[in-house]
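Given next are the chains, with one letter for each unit.
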Amino acid sequence: MRLALTAALALGLAACSNAALPASAKAAPIERPEVAAHEEIAIFAGGCFWCIEAELEEVPGVRTVLSGYTGGTTPDPTYRHMGDHAEAVEVIYDPAKVSYEQLLEVFWSNIDPTDEGGQFYDRGSQYRTAIFVLDEAQEAAATQSLEANAKRLKQPIVTAVLPATAFYPAEEYHQDYYLKEPERYEAYKKGSRREETLKRVWQE
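Rules and cut-offs
Residues numbered from 1 in each chain as written. Predicted model: local features only at pLDDT ≥ 70, side-chain atom pairs only at ≥ 80, totals over all residues. Heavy atoms only, no water. Core = buried A, V, L, I, M, F, W, Y, C linked by side-chain atoms within 4.5 Å. Buried < 20%, exposed > 50% of the residue type's maximum accessible area, 1.4 Å probe, protein only. Helix = DSSP H or I, 4+ residues; strand = E, 2+ residues; numbered from the N terminus. Contact = heavy atoms within 4.5 Å. Pairing = 2+ DSSP bridges. Axes fitted to C-alpha atoms, helices over the stretch in contact; angles between N-to-C directions. Polar contact = N/O pair within 3.5 Å; in protein donor to acceptor, adjacent residues only side chain to side chain. Parallel < 35°, antiparallel > 145°, perpendicular 65-115°, else oblique. Nonpolar A, V, L, I, M, F, W, Y, C, P; charged D, E, K, R; others polar. Salt bridge = Lys/Arg side-chain N within 4 Å of Asp/Glu carboxyl O. Left-handed = near helix turned anticlockwise from the far one by under 90°. Phe/Tyr/Trp six-rings, centres within 6.5 Å; stacked < 30°, edge-to-face > 60°.

A. View of the nonpolar core. Ranked by size, the top nonpolar core spans 43 residues in total, and within it Phe44, Val91, Tyr100, Leu103, Trp108 and Ile131 carry the most contacts. A per-element tally of this core places helix H2 (residues 49-56) first, with six residues. Dropping the residues within four chain positions of it, tyrosine 100 is found in contact with Ala42, Phe44, Tyr93, Ile131, Val133, Gln138, Ala141 and Ala142. Membership of the second largest hydrophobic core comes to ten residues, among which are Ile41, Ile43, Ala86 and Ala88.

And the structure:
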């Protein structure tokens, strides 16, 4: 039993590291989907992009979620050479079906906004949390949401609200990882104690 648990944890711990990547992950990043006239974009960094992508794609009104890199200055980042960027997701959604404020709450409920060293066992600045805003309306909504959740948690929040910069789509291997590699993904979630941590932070 202990051996099986150790093996599961080892699989999970490798899942969000370079060691888990197959040779196919070296391929060039995919192109960003076109955004329709009635759609809008939201950009969030919440630790390992596999998990944030999986949660946001389940939200009605969200058409697609793209994993990628943003927030840094390193040109043409890749998974192996991310530089000073953070793992992030770009959400394409229909504001007539889901509001930006609702997306913010889904984001908050899937991160530990008090952890300045990363998320869960993913440590380092590439796993920092941030909301990248594209206009004044998003900045106002994000700031208000941050302040409300700081009061709810009764402690400072380290998640930053920042102007959006260039977003670089990640390699094809990372898109919809939870669908392509369900066993590895579930082992990663379990091994990281993600769900237990979120329940403790949000007391749910």
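We are not done yet, so read on.
B. The arrangement of the sheet that holds strand E1 (residues 40-46) in detail. Strands sit in the order E7-E6-E1-E3-E2-E8 across an open sheet of six strands; the sheet is mixed. Where the open sheet ends on each side, the last strands, each with one partner, are strand E7 (160-163) and strand E8 (168-169). Taken together, the four bridges between strand E6 (residues 129-133) and E7 define a ladder with parallel strand orientation. When the bridges of E7 are listed, isoleucine 131 appears paired with valine 161. Set on the sheet, helix H3 (residues 100-108) makes contact with E1, strand E2 (62-70), strand E3 (86-93) and E6; between it and E1 the angle comes to about 15 degrees.

C. The arrangement of the side chain of glutamate 90 in detail. Relative to the helices and strands, glutamate 90 resides in strand E3. For glutamate 90, a relative accessible area of 2% corresponds to the buried category. Only 3.3 Å separates the side chain of glutamate 90 from the side chain of arginine 32, close enough to count as a polar contact.

D. Structural detail: helix H6 (residues 182-191). Buried within H6 are the following residues: Tyr185, Ala187, Tyr188, Lys189 and Gly191. Looking one or two residues past H6, arginine 193 carries a phi angle of roughly 55 degrees, positive in sign.

E. Region of interest: the packing of H2 against H6. Where H2 meets H6, the closest approach of the two axes is 11 Å, and the angle between their N-to-C directions is 105 degrees. For the element pair H2 / H6, the angle class is roughly perpendicular. Contacts between H2 and H6 involve Trp50, Cys51, Ala54 and Glu55 from the former and Tyr185, Tyr188 and Lys189 from the latter. Looking at side-chain class alone, the contact of H2 with H6 contains five nonpolar, no polar and two charged residues.

F. Examining the pattern of salt bridges more closely. Within the structure shown, the criterion is met by six salt bridges. We note a salt bridge from arginine 63 to glutamate 39, for which the minimum N-O separation is 2.7 Å. In this pair, arginine 63 is assigned in strand E2 and glutamate 39 in the loop between helix H1 (2-15) and E1, connecting sequence segments 24 residues apart. The exposure class assigned to arginine 63 is partly exposed, which follows from its relative accessible area of 46%.

G. Spatial organisation of the packing of H3 against helix H4 (residues 136-153). Between H3 and H4, the least distance of the axes is 10 Å, while the angle of their chain directions is 40 degrees. Between H3 and H4, the angle falls in the class oblique. In terms of crossing hand, the pair formed by H3 and H4 is right-handed. In contact with Tyr100, Glu101, Leu104, Glu105 and Trp108 of H3, H4 contributes Gln138, Ala141, Ala142, Ser145, Leu146 and Asn149.

H. Highlighting the packing of aromatic side chains. All told, the structure shown has ten aromatic pairs when counted by the stated rule. On the numbers, 6.3 Å between centres and 20 degrees between planes, the contact of phenylalanine 44 with tyrosine 100 is stacked. Placement of phenylalanine 44 in strand E1 and of tyrosine 100 in helix H3 is noted, with a sequence separation of 56 residues between them. For the pair formed by phenylalanine 44 and tyrosine 100, the shared burial category is buried. Note on phenylalanine 107 and tryptophan 108: the rings are 5.5 Å apart at their centroids and 55 degrees apart in plane angle, and the pair reads as tilted. On the accessibility criterion, phenylalanine 107 (1% relative accessible area) is buried.

Fair warning: the whole summary comes from geometry, so function is off the table for now.
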